[in-house]
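For reference, the chains in residue letters:
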Amino acid sequence: MNPGDLLNIAEYLASGGIGSRIGRPRQAELKRAVSASYYALFHTLATNSADLLVGNRTSTRTRQAWRQMYRAIDHGRVKRQCSKRTIAKFPQEIQKFAHHFVMMQAQRHMADYDPMEQFSRSSVAQLLEETKSAITEFETVDNDDRRAFAVFVLFDLRGN
């Protein structure tokens, strides 16, 4: 799943692109835009983890391992790890990504599961801009720090 494609879809939906009056997106469009924005973050993390922990997908064995690592990301676990104080040991760009991930997961839950929740076009546009910024900055961090973050969100630290 391409995070950039998800963000493009979210922008299209937030603009009222499916048949609402131009400039007046329906709540369903705004809510789907919020959800797509969260999933752009999620798939950024999944791709990052698979690429940095497994490598490329050139051989059959590597493709299977890459897919398994990509699918290993658990929404709840990532949220818990990103909410820990120990996230402060990572560079600012990763901290921003982690905090935004937690906030967007809560927004996605409201969008997907609360029929009474209402979103404004401007608030969704702001969420989309913040998501794009978080992803862009995350991708500027060196591979060693992003790899360490992938390990942090995926695996438990066990005592001796």
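Each remark here, short or long, concerns the structure printed above.
Residues numbered from 1 in each chain as written. Predicted model: local features only at pLDDT ≥ 70, side-chain atom pairs only at ≥ 80, totals over all residues. Heavy atoms only, no water.

## Details of the side chain of serine 49
For step 1, the next point in the chain: Of note, serine 49 is situated in helix α2 (residues 27-53).
For step 2, the next point in the chain: Here serine 49 is in contact with Val54, Met69, Ile73, Ala150 and Leu154, once residues within four sequence places are set aside. (Helix = DSSP H or I, 4+ residues; strand = E, 2+ residues; numbered from the N terminus. Contact = heavy atoms within 4.5 Å.)

## Quick notes on the packing of helix α1 (residues 3-14) against α2
For step 1, the next point in the chain: Remark: α1 packs on α2, axes separated minimally by 8 Å, with the N-to-C direction vectors making an angle of 165°. What the angle tells us is that α1 and α2 run roughly antiparallel. α2 is crossed by α1, and the crossing has left-handed handedness. Mapping the contact onto sequence places Pro3, Leu6, Leu7, Ala10, Leu13 and Ala14 in α1 and Glu29, Leu30, Arg32, Ala33, Ala36, Ser37, Tyr39, Ala40, His43 and Thr44 in α2.
For step 2, the next point in the chain: Here the residues of the contact of α1 with α2 sort into 11 nonpolar, 3 polar and 2 charged. (Axes fitted to C-alpha atoms, helices over the stretch in contact; angles between N-to-C directions. Parallel < 35°, antiparallel > 145°, perpendicular 65-115°, else oblique. Left-handed = near helix turned anticlockwise from the far one by under 90°. Nonpolar A, V, L, I, M, F, W, Y, C, P; charged D, E, K, R; others polar.)

## Focus: the nonpolar core
For step 1, the next point in the chain: In terms of nonpolar packing, the biggest core is built from 43 residues, with Leu45, Phe97, Phe101, Val124, Phe149 and Val153 touching the most fellow members.
For step 2, the next point in the chain: Mapped by element, the contributors of at least two residues to this core are α1, α2, α3 (60-71), α4 (75-82), α5 (92-113), α6 (121-138) and α7 (143-154).
For step 3, the next point in the chain: With 11 residues, α2 is the single largest residue contributor to this core.
For step 4, the next point in the chain: The residues touching phenylalanine 149, leaving out its near neighbours within four places in the chain, are Leu45, Cys82, Ile87, Phe90, Ile94, Phe97, Ala98 and Phe138. (Core = buried A, V, L, I, M, F, W, Y, C linked by side-chain atoms within 4.5 Å. Buried < 20%, exposed > 50% of the residue type's maximum accessible area, 1.4 Å probe, protein only.)

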